[in-house]
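The lines below spell out each chain.
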Amino acid sequence: MEKTYTVSVFTENSIGILNRITIIFTRRHLNIDSITASESEVKGVFRYTIVLRTTEEQVNKVVGQIEKLVDVLKAFVHQEEEIVHQEIALYKIKTDKLTNGEVEKVIRENHARILTVDPLFMVIEKTGHVAETQLLFENLKPFGILEFARSGRVAVTKPMKELSTYLKELETKK
Amino acid sequence: MNTTKITGAHAVLKSLVAENVETIFGYPGGAIMPIYDALFDYSNEVNHILVRHEQGAIHAAQGYARTSGKTGVVFATSGPGATNLITGLADAQIDSTPLVCITGQVASHLLGTDAFQETDVIGISMPVTKWNCQVTKAEDIPVAIAKAFYIASTGRPGPVLIDVTKDAQFELMDFNYQKCTKIRSYQPKPDVNKTTLEAAAQLINQAKKPFLVIGQGIMLSDAEDELLQFVEKSGIPVASTLLGLGAFPNNNPLYVGYLGMHGDYAPNIKTNECDVLIGIGMRFDDRVTGDVSRYAKQAKVIHIDIDAAELNKIIKADVPVHADAKEALKLLTELVQEKQHPVWLNEFTEAKKTEVETLQKSSELSSSSELKMDEVIKILSEITNGAAVVVTDVGQHQMMTARYYNYNKSKSNITSGGLGTMGFALPAAIGAKFGTPDKTVIAVIGDGGFQMTLQELGTILQSKVAVKIIILNNRFLGMVRQWQDLFFEKRYSFTEIMSPDFVALAKAYSIESSRIEERTHLKEALLEMLNHQGSYLLEVMVAKEENVFPMVPTGASVSEIRLN
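Note that the coordinates shown come from a computational prediction; the quantities given were computed from them, not determined experimentally.

1. Describing the packing of helix H3 (residues 54-68) of chain B against helix H18 (residues 425-435) of chain B
All names here are of chain B. Orientation of H3 relative to H18, taken along the N-to-C sense of each, is 40 degrees, at an axis distance of 6 Å. By the criterion of interaxial angle, the relationship of H3 to H18 is oblique. Considering only the axes of H3 and H18, their crossing is right-handed. Here Gly56, His59, Ala60, Ala61, Gln62, Gly63, Tyr64, Thr67 and Ser68 of H3 come into contact with H18, specifically with Pro427, Ala428, Ala429, Ile430, Gly431, Ala432, Phe434 and Gly435. Looking at the contact of H3 with H18 residue by residue, the classes come out as nine nonpolar, eight polar and no charged.

2. Structural notes on the interface of chain A and chain B
Taken residue by residue, the interface counts 17 residues in chain A and 15 residues in chain B. When contributions to the side of chain A that touches chain B are tallied by element, the ones reaching two or more residues are helix H1 (17-27), helix H2 (56-68), strand E4 (72-79) and helix H5 (163-172) of chain A. Split by residue class, the side of chain A that touches chain B holds five nonpolar, four polar and eight charged.

3. Notes on the domain arrangement of chain A
Partitioning chain A into structural domains gives domain 1 (2-83) and domain 2 (85-150). Computed over C-alpha atoms, the centres of domain 1 of chain A and domain 2 of chain A are 31 Å apart.

4. A few points about unusual backbone geometry
Residue and element names in this part refer to chain B. Here the residue pair Phe549 and Pro550 is connected by a cis peptide bond, since its omega of 5 degrees sits within 30 degrees of zero. Mapped onto the elements of the fold, Pro550 is located in the segment after strand E20 (536-541). Even without a glycine there, the phi angle at Ala296 is positive, about 50 degrees. As for its position among the elements, Ala296 is in the loop between helix H13 (286-289) and strand E13 (300-305). One non-glycine residue, Asn312, adopts positive backbone phi at about 65 degrees. If you trace the backbone, Asn312 turns up in the loop between E13 and strand E14 (319-322).

5. Describing the nonpolar core
Generally speaking, soluble globular proteins have nonpolar side chains that are buried together. Counting 192 residues, the largest nonpolar core has B:Val74 and B:Ala443 as the members making the most contacts within it. Considering every element that reaches this core, the biggest residue donor is helix H7 (residues 141-153) of chain B, with eight residues. Those residues in contact with B:Val74 that lie beyond four places of it in its chain are B:Phe25, B:Gly26, B:Ala57, B:Ile58, B:Ala61, B:Leu85, B:Leu99, B:Cys101 and B:Ile102. Listed in part, the 10 residues of the second largest apolar core include A:Ile93, A:Val103, A:Met122 and A:Leu140.

6. Quick notes on the environment of A:Arg20
By the element assignment, A:Arg20 lies in helix H1. Through-space distance from the C-alpha of A:Arg20 to that of A:Gly128 is 30 Å; in sequence the pair is 108 residues apart. If near-sequence neighbours (up to four positions away) are discounted, A:Arg20 is found in contact with A:Leu69 and B:Met126.

7. Here's the deal with the domain arrangement of chain B
The assigned domain composition of chain B is domain 1 (5-174), domain 2 (194-348) and domain 3 (371-541). At the interface, 13 residues of domain 2 of chain B touch 15 residues of domain 3 of chain B.

Basis of the calculations
Residue positions are given per chain, counted from 1 along the sequence in the order it is written. Chains and ligands are labelled sequentially in the order written, the chains with letters from A and the ligands with numbers from 1. Totals for whole chains, interfaces and linings use every residue, but because this is a predicted model, local features are given only for residues with pLDDT of at least 70 and side-chain atom pairs only at 80 or more, for both listing and counting. Under this scheme, a helix contributes an axis fitted over its contacting stretch, all axes are lines through C-alpha atoms, and angles between N-to-C directions fall in the 0 to 180 degree range. Runs of E in the DSSP output that reach at least two residues are strands. Runs of H or I that reach at least four are helices, and both are numbered from the N terminus. Any angle that falls under 35 degrees is termed roughly parallel, while one over 145 is termed roughly antiparallel, one within 65 to 115 roughly perpendicular, and all others oblique. If you view the pair so one helix is near and one far, a crossing is left-handed when the near helix is turned anticlockwise from the far one by less than a right angle, and right-handed when it is turned clockwise. Our contact criterion uses C-beta atoms placed from the backbone: two residues qualify when those atoms are within 7 Å. In the scheme used here, Gly and all other residues not listed as nonpolar or charged are polar, with Ala, Val, Leu, Ile, Met, Phe, Trp, Tyr, Cys and Pro taken as nonpolar and Asp, Glu, Lys and Arg as charged. Residue ranges assigned to each domain were obtained from an automatic or database domain assignment. Note on terminology: a nonpolar core is any set of buried Ala, Val, Leu, Ile, Met, Phe, Trp, Tyr and Cys residues joined through C-beta atoms within 7 Å. Once C-beta atoms are placed from the backbone, each residue is buried if 20 or more other C-beta atoms lie within 10 Å of its own, exposed if 12 or fewer, and partly exposed for counts between those two.

Here you go:
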């Protein structure tokens, strides 16, 4: 049965590591729904968060292959309930739409916020799960969305050993 | 510490010498010229073999690595030089062969500009290497090379590629070499979990019909002796995958044969009758398992492998053991009871009889008096006592050699297993000879595969490589023709292949050669080839349309193996 899985990968900061990771998905004809990467809480260690829909068997095999990469410190697979996750979305609409109070209502109801107002356009920001940012998208659609951008998922896990503890184990291992 | 500055190119050579590299297979070109220039000063320390095509270099390095147990080293230039390595990298990756390939690259300021002979070799080789990296500064060369040798040769071995820009080869640096012994993100040596091994031992001790299947992992971890001790104590029948042949002596009474699509009848059918199946250093390739949904379903499975990603990848193991084969076997031998399984072993003997009788009958029914491939291999095995290093290409001759050559020595079977690379054997045999100069190295090749890399006859000529070459010529791309015969209504689409006069061709390269067509001349011709000092090419004209049996057709279960 296909489900949504979040894969967290911790890597050394080496050129090409993103490519090495995505090749593993490409080779198995797996589509990545979203991917984000940035430095983790440990300097020099990067965290990749990859979201995909697949079977449990397949995702476990993929994680096995990712862990095999020389520059990968550790990879984990999580189900939805095991993580706290968030996405950010930016919506650009024409400033003159603000006058009638309708947009303000939408922003309030969705707990979104205005990032900037320019004479010609304004940018609204919403963080939340895909369903929430999508809902705001639908609500703003009637006013005309000039641009829309949504980030991939970032996630932290509920139960997990601290990365620094794990790294210490790796370093002291013979 | 030496404080005199040297060039990056000299640092490459010094690093290789520090890694005890004695033999390099390569081909020069623009972007690797500084390294070749430095090589000129190292002719006393390293032996460079000039090949005729970079694919030849990498297959030779594979043959060298597989026979010697050392890491094979390759030099190639940028662009086409580097892309010509790709087939060999893929082959070494799937067959776990340790290689360090060093490619030249355009100067770093030209990277990404489509400069002459620039290609993204890092990007191209990423899926077919265990690790790769590009070096653009001379000072990074020793560290990269040290890492390369460590990664290539430890854990599950594999090919590594280092791409060195031309400016890094010219740049001056202070040389200081330290071997790599640890990489934080790479843990090649698993800690053996004793509890898991105890669970494995318990299954083995309770088993009535245990069956052991071994792969190349035995040889890669130098576990041949440990395997022998384990088998002799536990009394478990042993079968081998294609790449595992030689890891357990064929003449041991507990050896029950070769597994897989064209393997022996007994080990294939008994896979689906055993109660405990133990796989060590093998990966349940589809050519071994046939239909996985009907593979050893009745058995409890113990799978021991150094690569954690192989466990539960194809066959779900009841006891997966992430361990080095040598270490696991040592511990397991202590834990298992001393046993014999004469009744169970006899079932293999009986099944073998069925196979031999059926194949014999088919052979008698055949009206053709033409020489058959198996006859050649049987005599070759007999007169070399199963002790030669036998290098095979891909196809019918490969399966016939695997079936009928009685490999009694470890690291004596060199073939392209996982990738099935036609053209592998001739260059691999050259490398095998450099890897084991004191042994007789025999390449058995089909007429098709030979024509894929026959330019390496030039390497044999120039470097005086004393390899023996047997071409089994059936004037067909035999294995494809066999499939057309069995599964495509005999529509022989582009499988009939013409060949040049191989004997004349060999002579053009000053290689002694002869051709035989008659059975009566076979033994004599083989002996003449073996007794000849130096290289020799023997072309044996064999039956045009012979099929290899037994066979597990694609999609069939191992128990549905066909004998004719």
